[in-house]
Amino acid sequence: MKKHTALRSGERKGRLLRGHNYAEKLFLQQVWYPLFQHFDHLHPEYEIYDWNRKSQFIDFAYLTPFGRFGIECDGFQSHVKDMDREKFSYSLNRETFLTGMGWKMIHFSFDDIQHRPDVCRMLLQMVIGPRMIRHGATNFSAIMEKEMLRLAWQLGSRVRPKDVIEQFDVDFRTARKRLRNLVDKGYLTPVVRGEDVRYYELNQVSMEHL
């Protein structure tokens, strides 16, 4: 938490401080850590965008070489009982959109996290385990490249090192290096103002890579 908080700013940081509550912490303690014994590539309160480029947050994003997994800890009161028809429709559309964008969404109820964590661990292992085994040797940089190109698309076909830093919790040097790698591969074009690169723009070939 300290690491992610230190690397974020603005609403991303505020959302992490406000939104990471008892259910999310209990999920880490009773489900995630007993199963994996680490938090590598797990991002709390991860920002995504819907089809209208409207900002939303997933409780956890697990970004790996073998897939993108979104994990939600759902309370009955907030996710079912208090949901009206419009929110219900948006929830279904959001899930379908994320599926189309390559996400594998996983939902756990707060009741199961609290009282039946063994069931949550079993189900989580069933979803993630086979992909981990099949693709365990895949280079992690490949998925990072796709995520950065998707981020650029979400931000209007242009991306800055600052955007990469905030989205992926990396330092400036790493963000700039990965952006330059995408330039070298022909996916991005640097836009220069004076002597500095102000941002990087998507090329047509990058849209085929998303």
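Refer to the structure printed above.
Here is a short report on the structure shown in this document. As the structure is a computational prediction, the values presented were derived from the model and not from experiment.

### Structural notes on the nonpolar core
The tendency in soluble globular proteins is for nonpolar side chains to be buried side by side. Grouped together as the largest cluster of nonpolar side chains are 26 residues, with contacts concentrated most on Tyr46, Trp103, Val159, Val164, Phe168, Leu179 and Leu188. Per-element tally for this core: the top contributor is helix α8 (residues 140-154), with 5 residues. Setting aside residues no more than four positions away along its own chain, Phe168 makes contact with His43, Tyr46, Leu63, Met144, Glu147, Met148 and Leu151. Counting 20 residues, the second-largest nonpolar core is a separate cluster that includes Leu42, Tyr62, Phe66 and Ile128.

### Quick word on the packing of helix α9 (residues 161-168) against helix α10 (residues 172-184)
Across the interface, α9 lies against α10 with an axial gap of 9 Å and an inter-helix angle of 115 degrees. α9 and α10 meet at a crossing whose hand is right-handed. Taken together, the residues of α10 that come into contact with α9 (itself represented by Pro161, Val164 and Ile165) are Phe172, Ala175 and Leu179. A breakdown of the residues in the contact of α9 with α10 according to their chemical character gives 6 nonpolar, no polar and no charged.

### Considerations on the sheet that holds strand β1 (residues 42-49)
Working definition: the strands of a sheet are paired by backbone hydrogen bonds and lie parallel or antiparallel to each other. In space, the 4 strands of this open sheet follow the order β1-β2-β3-β4, with mixed pairing throughout. The outermost strands of the open sheet, each flanked by one partner alone, are β1 and β4 (103-109). In this sheet, adjacent strand axes meet at a mean angle of 40 degrees when their direction is disregarded. Here 5 bridges tie strand β2 (residues 55-64) to strand β3 (residues 67-74), and the two strands are oriented antiparallel to one another. Counted as the bridge partner of Leu63 is Arg68 from β3.

### Considerations on the packing of aromatic side chains
Scanning the model with the defined rule gives 14 aromatic pairs in all. Ring centres 4.8 Å apart and planes at 80 degrees place the aromatic pair Trp32 and Tyr62 in the edge-to-face group. Note that Trp32 is positioned in helix α3 (residues 22-36) and Tyr62 in strand β2, a separation of 30 residues in sequence. Trp32 gets classed as buried once you look at its relative accessible area, which sits at 0%. Taking relative accessible area as the criterion, Tyr62 reaches 3% and is therefore assigned buried. With a centroid separation of 5.8 Å and an interplanar angle of 65 degrees, the aromatic rings of Trp51 and Phe97 are classed as edge-to-face. You can see Trp51 sitting in the loop between β1 and β2 and its partner Phe97 sitting in helix α5 (residues 85-100), a full 46 residues away along the chain. Classification of Trp51 as partly exposed rests on a relative accessible area of 35%. The residue whose ring lies beneath Lys54 is Tyr90, and the NZ or CZ to ring-centre distance is 5.4 Å.

Criteria and thresholds
Residues numbered from 1 in each chain as written. Predicted model: local features only at pLDDT ≥ 70, side-chain atom pairs only at ≥ 80, totals over all residues. Heavy atoms only, no water. Core = buried A, V, L, I, M, F, W, Y, C linked by side-chain atoms within 4.5 Å. Buried < 20%, exposed > 50% of the residue type's maximum accessible area, 1.4 Å probe, protein only. Helix = DSSP H or I, 4+ residues; strand = E, 2+ residues; numbered from the N terminus. Contact = heavy atoms within 4.5 Å. Axes fitted to C-alpha atoms, helices over the stretch in contact; angles between N-to-C directions. Left-handed = near helix turned anticlockwise from the far one by under 90°. Nonpolar A, V, L, I, M, F, W, Y, C, P; charged D, E, K, R; others polar. Pairing = 2+ DSSP bridges. Phe/Tyr/Trp six-rings, centres within 6.5 Å; stacked < 30°, edge-to-face > 60°. Lys NZ or Arg CZ within 6 Å of the ring centre and 35° of its normal.

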